[in-house]
Amino acid sequence: MAKTGILFIVPTPIGNLEDITLRALKVLAEVDLIAAEDTRHSQKLLQHYDIKTRLISLHDHNESQRAVQLIAKLNMGESIALISDAGTPLISDPGYGLVSQCRESNLEVVPLPGACAAITALSGSGLATDKFYFKGFLPVKKLAKTQALSALLRETATTVFYESPRRIIETVQMIIECLGKDKRIVIAREISKTFETFHSDTADKTLQWLNADSNQLKGEIVLMIDGYKSDGQELPEQAISLLKRLMEELPLKKAAAITAEQFELKKNALYQLGLSFDD
Ligand code: SAM
């Protein structure tokens, strides 16, 4: 049987054209075809690196038909690189349909490590990185956005969003409403570009900063929200119900320890609470 081609997932720079790996450049130069979100946009990157490989479009509006064509080419032994306008394909970018169908068809998929705005922002944010959620773009509609933000009230992990500079003021206002004015947030803007800015402060001070400088409303933004930190005084509802559930099967000491770890709370506070359940 003839050998099938490989689909390479190739991250491209998120600003600075030098943020592309040697391997990515080699793959882009050697594949038979590059599937790009916007061929005109990606042509500039290819020209910069003198790469002559043919480009074909794959975007949100043609992905299902294009996937069928690309899978046929892979089956015929052609290799293809998938790129998006910037960063890692599939991360808030097209490509999921193609990759999932390749996997279902047992076609080889080789993802390359590389630039991603969410990870780069997080690594420079100063917020905790041991646990984080990437939630893509926040919903645009107010009710859905309120629900998405309110759900973070007791979220102990750092949350990372992509956000439009046109909506950032409204979003920070809503963070104040849903999570309180003292919630620490970090805005990472124009990463790897001339006006790269990292701003870390409470939500209310960040709102003042944004309102005072319209330059901060330009370019591209990653918004990060600090995880919930317990002061050990109040215990979140979810922690109390987990403790109760665990106590049905485990000794109090163990149940308190597990709950404490899960919610980053003080073991002793939970232990004392557990004792009070018997009263
Ligand atoms: N796939 C890309 C990645 O790996 O980062 C993300 C694509 S998504 C359509 C574009 C969003 O990523 C922008 O709206 C912005 O939130 C974020 N972004 C991309 N480049 C950025 C940069 N240089 N600085 C800050 N945020 C950036």
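As shown above, the structure is provided for reference.
The sections below set out a description of the structure shown in this document. Model, not experiment: these values are computed from the prediction.

Notes on the overall build of the protein
For the protein, the count of helices and strands is 11 helices and 10 strands. With respect to the principal axes defined by its C-alpha atoms, the protein has extents near 75 × 55 × 35 Å. In the protein, buried positions account for 47% of the 279 residues. Of the contacts made within the protein by residues no fewer than 6 positions apart, 68% connect residues no fewer than 24 positions apart. Working note: accessible area of the protein is about 15100 Å², and carbon and sulfur atoms make up 51% of it. Considering the protein, the positive charge centre built from 32 side chains and the negative charge centre built from 36 side chains are found 1 Å apart.

Concerning the side chain of Glu37
Checked against the element boundaries, Glu37 lands in the loop between strand E2 (33-36) and helix H2 (39-48). If near-sequence neighbours (up to four positions away) are discounted, Glu37 is found in contact with Leu58, His59, Ile83, Ser84, Asp85, Asp93 and Pro94.

A few points about the site of the ligand
Surrounding the ligand, one finds 19 residues, the nearest of these being Thr88, Ile91, Asp93, Ala117 and Ile221. At 3.3 Å from a nitrogen atom of the ligand is found a main-chain nitrogen or oxygen belonging to Ala86. Within the contact set of the ligand, a nitrogen atom lies 2.9 Å away from a backbone nitrogen or oxygen of Ile191. For the ligand, the accessible surface in isolation is 570 Å², of which the surrounding protein chains cover 90%. For the shell around the ligand, the elements supplying multiple residues, two or more each, are strand E7 (158-163) and strand E10 (221-225). Split into classes, the residues belonging to the shell around the ligand amount to 11 nonpolar, three polar and five charged.

Here we look at the packing of helix H6 (residues 142-150) against helix H7 (residues 168-179)
For the pair H6 and H7, the least separation of the axes is 9 Å and the interaxial angle reads 50 degrees. It follows that H6 is oblique to H7 by the angle criterion. Considering how the two elements wind past one another, H6 and H7 form a crossing that is right-handed. Between H6, through Lys142, Lys145, Thr146, Leu149 and Ser150, and H7, the contact on the second element is made entirely by Glu170, Thr171, Met174, Ile175, Cys178 and Leu179.

A short note on the sheet that holds strand E8 (residues 184-189)
Adjacent strands of a sheet form backbone hydrogen bonds with each other and so pair up, either parallel or antiparallel. One open sheet accounts for five strands, arranged E6-E7-E10-E8-E9; its pairing is mixed. Each edge of the open sheet carries a strand with a single partner, namely strand E6 (132-137) and strand E9 (197-202). Across the sheet, the mean angle from the axis of one strand to that of its neighbour is 15 degrees, orientation sign disregarded. In the sheet, E6 pairs with E7 via four bridges, with the strands oriented parallel. The partner of Phe137 across the bridge, within E7, is Tyr162. Contacts from H7 reach E7, E8 and E10, with the element oriented near 5 degrees to E10. Packing of helix H8 (residues 203-212) onto the sheet brings it into contact with E8 and E9, and relative to E9 it is tilted by some 135 degrees.

Quick notes on the side chain of Thr259
Among the structural elements, Thr259 can be located in helix H10 (residues 252-263). Apart from the residues lying within four places of it in its own chain, the contact partners of Thr259 are Ala239, Leu242, Leu243, Leu246 and Leu270.

Regarding the packing of helix H9 (residues 237-247) against H10
Running from N to C, H9 and H10 point in directions that differ by 150 degrees, and their axes come no closer than 9 Å. As the angle between them shows, H9 and H10 are arranged roughly antiparallel. Considering how the two elements wind past one another, H9 and H10 form a crossing that is right-handed. Contact residues: H9 offers Gln238, Ala239, Leu242, Leu243, Leu246 and Met247, while H10 offers Leu252, Ala255, Ala256, Ile258, Thr259, Gln262 and Phe263. Its residues assigned to classes, the contact of H9 with H10 comprises 10 nonpolar, three polar and no charged.

Side note on a nonpolar patch on the surface
Together, Ile91, Ile119, Phe132 and Phe134 make up a nonpolar patch on the protein surface, roughly 310 Å² of accessible area in all. For Ile119, the position within the fold is in helix H5 (residues 117-123).

Some points on helix H3 (residues 63-75)
Helix length check: H3 (13 residues) gives 18 Å between terminal C-alpha atoms against 18 Å at 1.5 Å per residue, within 8%. For H3, the set of buried residues is Glu63, Arg66, Ala67, Leu70, Ile71, Lys73 and Leu74. Buried residues in H3, looked at end-on, bunch into an arc of 155 degrees, giving them a common side. Projecting away from the buried face of H3 at angles above 90 degrees are the exposed residues Ser64 and Val68. The elements touched by buried residues of H3 are strand E1 (6-9), E2, strand E3 (54-57), strand E4 (80-83) and helix H4 (96-104).

Reading the values: the criteria
Residues numbered from 1 in each chain as written. Predicted model: local features only at pLDDT ≥ 70, side-chain atom pairs only at ≥ 80, totals over all residues. Heavy atoms only, no water. Helix = DSSP H or I, 4+ residues; strand = E, 2+ residues; numbered from the N terminus. Buried < 20%, exposed > 50% of the residue type's maximum accessible area, 1.4 Å probe, protein only. Contact = heavy atoms within 4.5 Å. Areas by Shrake-Rupley, 256 points an atom, 1.4 Å probe, with all protein chains shown as cover. Lys, Arg positive; Asp, Glu negative; His and termini not counted. Charge placed at Lys NZ, Arg CZ, Asp CG, Glu CD. Near = heavy atom within 4 Å. Polar contact = N/O pair within 3.5 Å; in protein donor to acceptor, adjacent residues only side chain to side chain. Nonpolar A, V, L, I, M, F, W, Y, C, P; charged D, E, K, R; others polar. Axes fitted to C-alpha atoms, helices over the stretch in contact; angles between N-to-C directions. Parallel < 35°, antiparallel > 145°, perpendicular 65-115°, else oblique. Left-handed = near helix turned anticlockwise from the far one by under 90°. Pairing = 2+ DSSP bridges. Patch = residues over 30% accessible without salt bridge, like charges linked within 9 Å, V, L, I, M, F, W, Y side chains within 5 Å. Salt bridge = Lys/Arg side-chain N within 4 Å of Asp/Glu carboxyl O. Expected span 1.5 Å × (residues − 1). Arc of directions from axis to C-beta.

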